[in-house]
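Read off the chains here:
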Amino acid sequence: MDRSIDGLMSDSSTEQIVQDTIRSRELSDAEVDNRVIVVGGGLGGLATACTLAARGYAVVLCDKNDWTGGKAAVHEEAGFRFDMGPTILTIPAVLKRIFDEANQPLDTALDLVPLDPQWRSFFTDGTTLDLHADVELMKKELEKFSPGSGAGDGYARFMDLAKKLHKISDDFFFWKSIGGLKDMFDPKRSVTVSMLREVMRMRPGHSVAGTVRSYVPDSRAAQMLDHYTQYVGSCPESSPAVLCGIAHMQSNDGVWYPRGGTGAVPKALTKLALSLGVEIRTNTAIRQIIVKNNRAVGVLTADGETIRGGAVVSNSDSVRTHQELLDGRPQKRFLGRRNYEPACSGVVLYLGLDRRYDQLLHHNFVFSDDPHKEFDAIYKKGEPAPDPTCYVCAPAVTEPEVAPPGCESLYVLVHTPYLRPHHKWSDMLPAYRDRIIEKLKQTAGLADIEQHIVVEKALTPQDIQDRYHVLDGAIYGLASHGRFLGAFKPANRSPDVEGLYMAGGSAHPGPGMPMVLMSGWIAGDCVDQDRVVEPIGAINQTTCVAS
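Here's what I pulled together on the structure shown here. On a predicted model such as this, the values are computed, not experimentally measured, just so you know.

Rules used throughout
- Residues numbered from 1 in each chain as written.
- Predicted model: local features only at pLDDT ≥ 70, side-chain atom pairs only at ≥ 80, totals over all residues.
- Heavy atoms only, no water.
- Helix = DSSP H or I, 4+ residues; strand = E, 2+ residues; numbered from the N terminus.
- Contact = heavy atoms within 4.5 Å.
- Core = buried A, V, L, I, M, F, W, Y, C linked by side-chain atoms within 4.5 Å.
- Buried < 20%, exposed > 50% of the residue type's maximum accessible area, 1.4 Å probe, protein only.
- Axes fitted to C-alpha atoms, helices over the stretch in contact; angles between N-to-C directions.
- Parallel < 35°, antiparallel > 145°, perpendicular 65-115°, else oblique.
- Nonpolar A, V, L, I, M, F, W, Y, C, P; charged D, E, K, R; others polar.
- Pairing = 2+ DSSP bridges.
- Phe/Tyr/Trp six-rings, centres within 6.5 Å; stacked < 30°, edge-to-face > 60°.
- Salt bridge = Lys/Arg side-chain N within 4 Å of Asp/Glu carboxyl O.
- Left-handed = near helix turned anticlockwise from the far one by under 90°.

### Focus on the overall build of the chain
If you tally the helices and strands in the chain, you get 18 helices and 22 strands. In the chain, 74% of the contacts between residues at least 6 apart in sequence involve partners at least 24 apart.

Have a look at this one:
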């Protein structure tokens, strides 16, 4: 059976959308120099392009691939359809805000299906625990799951803390360019005692894991709550407690499945961008961001073409942007500002099965026996965990069309270290693949799974680096490690080059579908605020897209 990455395909639907679109008028020379260039057509770049175009800016978006959406790509084979990258959509209000910019209703572009229970947890002692959005229901479930331990009351108190941490993020952290603690405060407003009190409520100096266990004594329930930090690819034992706010975000805003898979999100954003007049150039790799007099004025493509503009938004990895697309002082200042640690990477198995497993929900976690040993291997030793936690997505329960009748398109993700020089995944994958399969058999009860695999492909950390041009194969950009400043990523507005902005998982506010989309909106909003370029009004587009 062919398991190599070579057989994996991107979602050609976004490519077809771009090809089927005709620009109704060309830009003048003055408008060309006034446009915004977006480097990279991932979710962040698409969000930037839509936001700016909706506000009347001329935008050209360049991507080295023949599709838009970046990691949110799709693989189809033998009647099976797999989302290749992100599979969990939370905080749909972020997407709605982007569509609101264009006065377009989100619900006509995407059919979002709520999922509750949000996921099922499988533990090595044979127990299972479902995560429900309703806090009171979850409290009762935990009281039954761990009687006499106080886990139910502890969970309710933990979620109250998470709600407060979420509010702090909304008030001080989200929807604006943040690169450090000082950026959280509006310079036009004086810093008050109440503001400082709010910052102290972020629990500086405390970790996610420590905070979780101070509220929830049951080790299994704590292990489940630890995994909110896996949205950002970081170790809960090293990540700041403010990230516990993710628990309230998910409980309050829900977990959603876009019908058509998460690949439907970039498809919808691509259609929106084109309808707003964005020029999208696929198969256009960028070699350099052109800087003159400390201002971004264009890009140089790998083919030697100069694309002029008045501002540049990089949706490429922020570290690789500075290492490879910039030089001189801007590069040195950025790289010397802090130590940029990659987040974790992962191995993904795409398994087309000729049956379904009733014990699986849409989202599942198959947990390791000892999270401390697991995280120590991945984040400290830099080696694949011998007993890994597996995230398993079984979408056919929600959308049967992802597979032939009665079949399943199983997505299995195991976090691994980011690439080290001695890692050779072409040699490492076969044994680790078998270890993952064994874990599914032992802990999730998929005892006969190998007998039912009819399609199998894999993505390794090396594949992720080669395919997506990320830092050391990191899925989630930069790690959120550091109990005081771990939540901070490079700012969306470059402090080093006028007219240069950052979007994506390695820029503020970080990884995960809603945060990446938010980063794109923030970058676009910064361009609009700074007025390094001026809006030129709407550019009409004519689209001819098959539904």
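Here the narrative resumes, following the displayed structure.
### What to know about the nonpolar core
Grouped together as the largest cluster of nonpolar side chains are 150 residues, with contacts concentrated most on L95, L269, L351, L410, V412 and I449. In this structure, V412 is in contact with V347, V348, L349, L351, C390, Y391, V392, I436 and L440, ignoring residues within four places of it in sequence. By size, the runner-up hydrophobic cluster in this structure holds 16 residues, among which are V39, V299, I307 and L325.

### Comments concerning the packing of helix 7 (residues 151-173) against helix 11 (residues 245-253)
Running from N to C, helix 7 and helix 11 cross one another at 95°; their axes reach a closest spacing of 7 Å. Considered as vectors, helix 7 and helix 11 are oriented roughly perpendicular to each other. Contacts between helix 7 and helix 11 involve F158, M159, A162, K163, L165, H166 and S169 from the former and G245, A247, H248, M249, S251 and D253 from the latter. Grouping the amino acids of the contact of helix 7 with helix 11 by side-chain chemistry returns 6 nonpolar, 5 polar and 2 charged.

### Description of the pairing of strand 17 (residues 363-366)
Burial of the side chains of strand 17 extends over both faces: H363 and F365 are buried on one face and N364 and V366 on the other. In this structure, strand 17 lies alongside strand 18 (residues 390-393), joined through 4 bridges in antiparallel fashion. Opposite H363, over in strand 18, you have C393 as the bridge partner.

### Structural notes on the sheet that holds strand 10 (residues 255-258)
Taking strand neighbours across the sheet as the criterion, the 3 strands line up as 6-10-7 in an open arrangement whose pairing is antiparallel. On the outer flanks of this sheet lie strand 6 (89-90) and strand 7 (112-115), each paired with one strand and no other. Bridge analysis of strand 6 against strand 10 gives 2 bridges, and the strand direction is antiparallel. Looking across to strand 10, one finds that T90 is bridged to V255.

### Describing the sheet that holds strand 2 (residues 36-39)
To summarise the sheet geometry, strands pair through backbone hydrogen bonds and adopt either a parallel or an antiparallel arrangement. Strand order in the open sheet made by the 5 strands is 11-3-2-15-21, with parallel pairing throughout. With one partner strand each, in any of the chains shown, strand 11 (279-281) and strand 21 (500-502) form the two edges of the open sheet. Neighbour to neighbour, the strand axes of the sheet diverge by 20° on average, direction disregarded. With 3 bridges joining them, strand 3 (residues 59-62) and strand 11 adopt parallel strand pairing. Looking at strand 11, one finds that C62 is bridged to R281. Against the sheet, helix 18 (residues 513-530) touches strand 2, strand 15 (311-314) and strand 21, its axis set at about 160° to strand 21.

### A look at the packing of aromatic side chains
Enumeration over the complete set of coordinates arrives at 15 aromatic pairs. Between F80 and F82, the aromatic rings sit 6.4 Å apart at their centres with planes inclined by 15°, giving stacked as the arrangement. The pair formed by F80 and F82 is uniform in burial state, with each residue classed as buried. On the numbers, 5.5 Å between centres and 50° between planes, the contact of F365 with Y391 is tilted.

### Some remarks on the pattern of salt bridges
One pass over the full model with this rule turns up 33 salt bridges. Here E399 ties to R81 by a salt bridge, and the two come within 2.9 Å at their closest N and O atoms. Of this pair, E399 sits in the loop between strand 18 and strand 19 (408-416) while R81 sits in strand 5 (residues 80-83), placing them 318 residues apart in sequence. The same class applies to E399 and to R81, which are both buried. Note that D100 is salt-bridged to K96, the shortest N-O span being 3.0 Å. One end of the pair is D100 and the other is K96, both in helix 4 (residues 92-101) and 4 residues apart, which spans about a single turn. Given the relative accessible area of 42%, K96 is considered partly exposed.

### Here we look at the environment of A296
Relative to the helices and strands, A296 is located in strand 13 (residues 295-301). We classify A296 as buried; its relative accessible area is 0%. Here the alpha-carbon distance between A296 and G310, two residues 14 residues apart in the chain, equals 6.7 Å.

### A word on the packing of helix 6 (residues 135-145) against helix 7
Here helix 6 crosses helix 7 at 150°, and the two axes come no closer than 7 Å. In this view, helix 6 runs roughly antiparallel relative to helix 7, as classed from their interaxial angle. Seen from above, helix 6 lies across helix 7 with right-handed handedness. Packed against helix 6, whose contacting residues are V135, M138, K139, L142 and E143, the element helix 7 presents A151, G152, D153, Y155, A156 and M159 at the interface. Looking at the contact of helix 6 with helix 7 residue by residue, the classes come out as 7 nonpolar, 1 polar and 3 charged.

### Let's talk about the pairing of strand 10
One ladder, built from 4 bridges, connects strand 7 with strand 10; its direction is antiparallel. When the sheet's bridge partners are listed, V113 is paired in strand 10 with Y257.

Geometric descriptors of this kind do not, in isolation, establish any biological role.
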